[in-house]
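The primary structure of each chain is shown beneath.
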Amino acid sequence: MRCDEVREHLESCGECGLYLEVEARLRALPVVEPPARLTSRVLRALPGPASTARELVRLAAAAAALLALTASLLLSGLDRHPAAEEARARGEEILQAMVSTLNPLRSDRPWKH
Amino acid sequence: MTPDIPREILEGARRGDREAFRRVVEATRKLAFNIAWRLTWNAADAEDAAQEIYLRLYRNFGRYDPSQPFLPWFRRLATNCVLNWKERQHPAAELPAHLPAPQEASRSPDLRLRRAILELPPEYQSCITLKYLEDLSVREIAEALGVPPGTVKTWLFRAREALMQKLKPHREDYL
């Protein structure tokens, strides 16, 4: 098909004319400038690195809570409760069983409890 | 529009260097914002969505393989991120409120075209955006969307067909 035939068809065919016009409008859609504040806004929204001081405060709080819990248990005499004694004895048994199971695997230096 | 980012900057940003990340943002902000704008047609939404792109980039930079080109990976992340963001903001394919109503849009062929694009399925919108924003080839769009080139050809064909169907009743405004 020659150029003039194509042109003649485009002038007479509404469907092809619309196709070309839509294609031209799609290509002509503007490229816009982002707002100047975008970079600073993004950087502000990034998650910050965990600060060492904040980590130390969290560790200290956890240690203090553990200490308070231990102290309250000792003061309440709960550690001398028969159930606590029994749990301690069971723990000893489990530990002994673990040591005797693992010792044969270490021929050079047996573990001692 | 298509930024060229030095390798050492990309590697720094991957390691979590915030200054390197800032330079990546500077280099890609126009591309990111325009992808977001063409998928929302609203400046405020595009800004929010662009921020979401960079938060996702920051969290996922470690997944970028530095032996591969950065831009296809970035385009993919940006396009998926904006489509997800839109789904959260306007669930169930509901059109955003800022778009003109059909009768209002009928006064402007460009507004009608924008509305018609937003009414397309998300994969067609992605194809149309990447094709006409950066004039990418079918192969480049396929890389960006992570689908075979044949799929991109089909999506582009169907997207244009769908646009034609939507705009045909207003043919006289376009000719």
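Residues numbered from 1 in each chain as written. Chains lettered and ligands numbered in written order. Predicted model: local features only at pLDDT ≥ 70, side-chain atom pairs only at ≥ 80, totals over all residues.

1. Some remarks on the overall build of chain B
And step 1. What chain B contains, in helices and strands, is 10 helices and 0 strands.
And step 2. Sequence-ordered secondary structure for chain B, helices as α and strands as β, is α-α-α-α-α-α-α-α-α-α.
And step 3. Taking all 175 residues of chain B together, 37% fall into the buried category.
And step 4. At a minimum sequence separation of 6, the contacts of chain B that also span at least 24 residues come to 62%. (Helix = DSSP H or I, 4+ residues; strand = E, 2+ residues; numbered from the N terminus. Buried ≥ 20, exposed ≤ 12 C-beta atoms within 10 Å, placed from the backbone. Contact = placed C-beta atoms within 7 Å.)

2. Re the packing of helix H7 (residues 122–134) of chain B against helix H8 (residues 138–145) of chain B
All names here are of chain B.
And step 1. Interaxial distance between H7 and H8 falls to 10 Å at its minimum, and their mutual angle equals 130°. In this view, H7 runs oblique relative to H8, as classed from their interaxial angle. Both H7 and H8 take part in a crossing whose hand is right-handed. Facing H7, whose interface residues are Ser126, Cys127, Leu130 and Lys131, H8 presents Ile141, Ala144 and Leu145. (Axes fitted to C-alpha atoms, helices over the stretch in contact; angles between N-to-C directions. Parallel < 35°, antiparallel > 145°, perpendicular 65-115°, else oblique. Left-handed = near helix turned anticlockwise from the far one by under 90°.)

3. Let's talk about the domain arrangement of chain B
Residues and elements named next belong to chain B.
And step 1. Split into domains, chain B comes out as domain 1 (1–95) and domain 2 (99–175).
And step 2. The interface of domain 1 with domain 2 comprises 13 residues on the first partner and 16 residues on the second.
And step 3. For the side of domain 1 that touches domain 2, the elements supplying multiple residues, two or more each, are helix H2 (18–40) and helix H4 (70–89).
And step 4. Residue contributions to the side of domain 1 that touches domain 2 peak at 5 residues, all from H4. (Domains from an automatic or database assignment.)

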